[in-house]
Structure formats: C-alpha cells, structure tokens
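Observations on the three-dimensional arrangement
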Amino acid sequence: MLGTAAGMAVTLPMQSLYAARTQLLYQVSAEDASDNLKTNRDLSTQLVVVTSRAVLGPVADANGISVDDLTKDTKATLVGDGGPDVQPSGVIQVDVIHPVRETGVQLADAIGKQYLKVVQAGSPTTYLQGQLDDAKKQLTTATAATSAGIQARVMSLQGQLDTEAIAGTQASILTPAYSVTDRVFPNPAFTAATGALCGIVLAALVAIWLSRRWTRS
C-alpha cells in the first residue's frame, strides 16, 4: 500500500499525455493489386508519406508548432486491410501524442486531410483532370477542322478518368479523428512499476534502519 501511494505521489505531478487517433484507408490500384510485393511496397510507402514533411509541414505551420516536434509526436502504423469487399488496401492508423486532448484531435484531423491532398496531387487523376479541362477549353474555340479531333480527345480523357475512379489508387478517411480514452503517460503500468520501485526502496531503508537499531542495542 505504501509503495502504491508513493508511486501515485511520484507520477501525480507529471504531465499527462493523450493519444488522438484517426484511421486512413489506402486502396492500391487494380494494376498493382495482382503483385503482392508491389502492393506491400505501396502500403509501406504510405507510412512514410503520412509522416513526411509534405504532410506534417503544412499542419505544423497552420498550428504554430515545430514540424520536428510534430514528427516526433506522430506515429503511423499499418493495422489491417479494408475487408473482403475492398480491392487490396491497407488501414493506416495515425496517432498524435499531445498533452491537450482537443488539440491532439485537431492535429490528427488535419494530418488525415493533408495526407489525402498529397495522395490526390500525386495521382494520375489530377493530371488527367488537368488535361481534360484544357481540352474542353480548346473545344470552345475549335474550328470545324479541329473540332472532331479535340472532341475525340475529350472523350478519351473522360474515359481514362472514369477508369481511374473505379480501379485507380484511392485514399479516404476511414475513422475521423478522436481522443483515445486512456492516457498514454503516465499509464497504470508505469504507476505500478514506480510504486513497486518505491516500495523496494522504502523496504530497504526500513531494513537498514532496523539493522542499525539492533546493532546499537
């Protein structure tokens, strides 16, 4: 009992840390889905992307914090797949450690949204959409001689976009950001270990004190 009380007394002044969590779903393109090695490489790459400066940098700047500190407090892990009804995919769990629950949730939410922007910017969809928009603009000023060719290009680009939407790489937020109930630090195990250590130290001190009393007697 005394050791437990001592452990609580030691950990009580320590700053509590909480985990904010969001889960992201990354679907591998149909083209890569048949290659397990490439699928695993794609999913491993996404863990790097989530914690890259391209994702964390804008979030850190928007919240007035150091990108190095945010990187240190952010962890991304692959925790499963999207289920049997989803083409080869991975569920990426992102945890942000912060002393304020609400702030942690805001950061985790922002990281998830910035990650989607980065994935979208690097996907063929963005390039194809830009090409389609340009072709449509050209079509509005096309002459009779060039109209048919531009119209064919518009139809072709639209078809590629539709295919990419169905079979291409996709990312989405599977679980919106939330605060994990139990605090990360100090946790019950740490408190118990600290209490046990304090108990051992106290027992040793009592034993020394009693030994000296018996020696003097």
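So, here is what we can say about the structure in this document. (Residues numbered from 1 in each chain as written. Predicted model: local features only at pLDDT ≥ 70, side-chain atom pairs only at ≥ 80, totals over all residues. Heavy atoms only, no water.)

**A few points about the packing of helix H3 (residues 36-50) against helix H6 (residues 101-121)**
Heads up, the rule is: The axes are straight lines fitted to the C-alpha atoms, using for helices just the contacting stretch, and the angles between their N-to-C directions are given from 0 to 180°. A helix here means a DSSP run of H or I that spans at least four residues, while a strand means a run of E at least two residues long, and both kinds are numbered starting from the N terminus. Oblique is the label for any angle not under 35 degrees, not over 145, and not in the 65 to 115 range, which are roughly parallel, roughly antiparallel and roughly perpendicular in turn. Crossing chirality is assigned from the near helix's rotation relative to the far helix, an anticlockwise turn below a right angle marking it left-handed and a clockwise turn marking it right-handed. Only heavy atoms enter the contact rule, under which two residues are in contact if any of them lie within 4.5 Å. Residues are grouped as follows: nonpolar covers Ala, Val, Leu, Ile, Met, Phe, Trp, Tyr, Cys and Pro; charged covers Asp, Glu, Lys and Arg; every other residue, Gly included, is treated as polar.
H6 packs onto H3 with a crossing angle of 120 degrees between their chain directions and a minimal axis gap of 10 Å. The pairing of H3 with H6 is recorded here as oblique in orientation. When you trace H3 past H6, the crossing you get is right-handed. Counting all contacts with H3, which are made through Gln46, Val49 and Val50, the residues of H6 involved are Ile111, Tyr115, Val118 and Val119. For the contact of H3 with H6, the per-class residue count stands at 6 nonpolar, 1 polar and no charged.

**A word on the nonpolar core**
Proteins that are soluble and globular tend to have nonpolar side chains buried together. Quick reminder of the rule: Here, nonpolar core means buried Ala, Val, Leu, Ile, Met, Phe, Trp, Tyr and Cys residues that are tied together by side-chain atoms lying within 4.5 Å of each other. For the exposure calls, accessible area comes from a 1.4 Å probe over protein chains only, and a residue counts as buried if that area is under 20% of its type's maximum, exposed if over 50%, partly exposed in between.
Grouped together as the largest cluster of nonpolar side chains are 23 residues, with contacts concentrated most on Val50, Leu70, Ile92, Ile111 and Tyr115. Those elements giving two or more residues to this core turn out to be strand E1 (18-27), H3, helix H4 (53-62), helix H5 (67-72), strand E3 (89-98) and H6. At 5 residues, H6 tops the list of elements feeding residues into this core. Within the second largest apolar cluster, 5 residues are counted, among which are Leu132, Ala135, Ile150 and Leu157.

**Topic: the sheet that holds strand E4 (residues 170-179)**
The condition that has to hold: The criterion for strand pairing is that DSSP finds at least two bridges linking the strands in question.
What the 4 strands build is an open sheet, ordered E2-E3-E1-E4; its pairing is antiparallel. Whereas interior strands pair on both sides, the edge strands pair on one side only; in this sheet they are strand E2 (74-80) and E4. Put simply, the sheet's adjacent strands are angled 20 degrees from each other on average, direction ignored. As paired elements, E1 and E3 share 10 bridges and run antiparallel to each other. Each bridged residue has a counterpart across the sheet, and for Thr22 the counterpart in E3 is Val94. Against the sheet, H3 touches E1, E2 and E3, its axis set at about 25 degrees to E3.

Keep in mind that these numbers describe shape and distance, not what the molecule does.
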